[in-house]
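# Chain and residue survey
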Amino acid sequence: MVSDHFGFTGSMVALITPMDSAGQVDKVSLQKLVDYHIASGTSAIVSVGTTGESATLSHDEHVAVVLATLEVADGRIPVIAGTGANATAEAISLTSRFENTGVVGCLSVTPYYNRPSQEGLYLHYKAVAENTDLPQILYNVPSRTGCDLLPSTAARLAKLKNIVAFKEATGNLSRVSQIQELVNDENFILLSGDDISFVDFMQLGGKGVISVTANVAAAEMAQICELAEQGEFLKARSLNNRLMELHHQLFVEPSPTPVKWACRQLGLIADDTLRLPMIPLTQEGQISVDKALKVAGLL
């Protein structure tokens, strides 16, 4: 089992992919975002995960964005590549393209739409792991995929040498102790994928969060994680309470629509363009997100 020295702890951002008005990747804004996260104390960047609009990028674009993020980061912050797919061969192919590039690992979401059995999930991840040396983070978000990677299956997968972490985004805090008990390996890293409950998740033994909110409140999320890691949970909760409305409103419409709009409002990106079928934030959504940004002290 690989230890957490890869940087899979603390506040990791599920980075948006900035696009210009023509829908092409905006490399100037990407540079600005990476510099912002380095200056704010973000622990790692997840490039082209689901928040990075992996579903609407071609494979070549997907790889190009990760490589551009690596280039901009220039070794100053760890970069994790999103590599999940609903076809095992596709996930293997995408993962293989990041071998020897400098990424510190891969975040692999469960196969979506197919709704595989637990055995199917085990064999999927086993096949991916056997075809790469890159550390793998399993990612479970059944509200988006229609597929739930159960603790018992995660425990089986944790026995594979390069499956080192699990991003759990159900918001079900009982999963933390279930996974810990079944895995029984202190080196296996549990990460929250739910901004609303991540402080509780860390108090139960989680090592950090892969966060949407960190896109706009990077310093605050990093500070909360640092406090949690030090056992200062009263202080962590106090700071997090200021962000709670933001945690909620960044999902007032399908993600990443609200967080992209928020990034533009804060001047972090030049344009909040998305690709169809994602559409711009509605007027009602803008009012809600704007209010949450102000409550958080970001505007």
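Source: prediction; values computed, not measured. Throughout, residues of each chain are indexed from 1 in the direction in which the sequence is written. Per-residue local features are limited, in this predicted model, to residues with pLDDT of at least 70; the limit for side-chain atom pairs, both in listing and counting, is 80 or more; totals at the level of whole chains, interfaces and linings are taken over all residues. Only hydrogens and water are set aside when side-chain values are computed; all heavy atoms of the structure are taken into account.

### Here we look at the sheet that holds strand E4 (residues 105-109)
Put simply, the rule reads: Two strands make a pair as long as DSSP finds a minimum of two bridges between them. By the criteria applied, helices consist of DSSP H or I runs no shorter than four residues and strands consist of E runs no shorter than two, each listed in order from the N terminus. Whenever a helix is involved, its axis is fitted only over the stretch in contact; in every case the axis is a line through C-alpha atoms, and angles between N-to-C directions fall within 0 to 180 degrees. In what follows, a contact means two residues having at least one pair of non-hydrogen atoms within 4.5 Å.
Taken together, eight strands build a closed barrel; the order of strands is E1-E2-E3-E4-E5-E6-E7-E8 and the barrel is parallel. Neighbour-to-neighbour, the strand axes of this sheet turn through a mean angle of 25°, independent of strand direction. Across four bridges, the pairing between strand E6 (residues 163-168) and strand E7 (residues 189-192) is parallel. Bridge pairing links Phe166 to Leu190 in E7. Across the sheet, helix H4 (residues 118-130) is in contact with E4, strand E5 (136-140) and E6; its angle to E5 comes to roughly 155°.

### Quick word on the packing of aromatic side chains
As a reminder of what qualifies: Pairing of aromatic side chains requires ring centres within 6.5 Å, counting the rings of Phe and Tyr and the six-membered ring of Trp. Pairs whose planes differ by under 30 degrees are stacked, by over 60 edge-to-face, and all others tilted. Two conditions define a charge sitting above a ring: the NZ of Lys or the CZ of Arg must be within 6 Å of the ring centre, and it must be within 35 degrees of the ring normal.
With the rule as written, the count across this model stands at zero aromatic pairs. Geometry around Tyr122 places Arg156 over its ring, the cationic atom sitting 3.8 Å from the centre. Positioned above the aromatic ring of Tyr139, the side-chain terminus of Lys167 is 3.8 Å from the ring centre.

### Topic: the environment of Glu61
Within the secondary structure, Glu61 sits in helix H2 (residues 59-73). Separated by 36 residues in sequence, Glu61 and Val25 have C-alpha atoms that sit 8.4 Å apart.

### Side note on the pattern of salt bridges
What counts is decided by this rule: The rule for a salt bridge is simple: a side-chain nitrogen of Lys or Arg has to be within 4 Å of a carboxyl oxygen of Asp or Glu. Classification of residues uses two cut-offs on accessible area relative to the type maximum, computed with a 1.4 Å probe and protein chains only: under 20% is buried, over 50% is exposed, and between them is partly exposed.
All chains considered together, the criterion is met by 13 salt bridges. Where Arg237 meets Asp200, a salt bridge forms, and the shortest distance between an N and an O atom there is 2.6 Å. Of the two residues, Arg237 sits in helix H10 (residues 233-249) while Asp200 sits in helix H8 (residues 198-203), which places them 37 residues apart along the sequence. Judged by its relative accessible area of 29%, Arg237 falls in the partly exposed class. Classification of Asp200 as partly exposed rests on a relative accessible area of 30%. Measuring nitrogen to oxygen at the nearest pair gives 3.1 Å for the salt bridge that ties Asp272 to Arg264. Taking relative accessible area as the criterion, Asp272 reaches 15% and is therefore assigned buried. Classification of Arg264 as partly exposed rests on a relative accessible area of 38%.

### Some details on helix H11 (residues 257-265)
Of all nine residues in H11, seven are buried; the element is thus mostly enclosed. Within H11, burial applies to Thr257, Pro258, Val259, Lys260, Trp261, Ala262 and Cys263. Turning to H11, the residues buried within the fold contact H10 and helix H12 (283-295). Backbone geometry just after H11 places Gly267 at a positive phi near 80°.

### Comments concerning the environment of Gly41
Inspection of the secondary structure assignment puts Gly41 in the loop between helix H1 (27-40) and strand E2 (44-47). For Gly41, a relative accessible area of 42% gives the class partly exposed. In the structure, Gly41 is positioned 29 residues away from Met12 in sequence and 9.5 Å away in space, judged by C-alpha atoms.

### Comments concerning H1
The cut-off we apply is this: Expected helix span is taken as 1.5 Å per residue step, with the number of steps being one fewer than the number of residues. Along the arc lie the directions from the helix axis toward the C-beta atoms.
Its 14 residues give H1 an end-to-end C-alpha distance of 20 Å, which sits within 8% of 20 Å, the value for a rise of 1.5 Å per residue. Listed as buried for H1 are Ser29, Leu30, Leu33, Val34, Tyr36, His37 and Ser40. The arc that holds every buried residue of H1, seen down its axis, measures 155°, which confines them to one face. Set apart from the buried face of H1 by more than 90 degrees, the exposed residues are Lys27, Val28 and Ala39. Tucked inside the fold, the buried residues of H1 contact strand E1 (10-14), E2, H2 and helix H9 (218-229).

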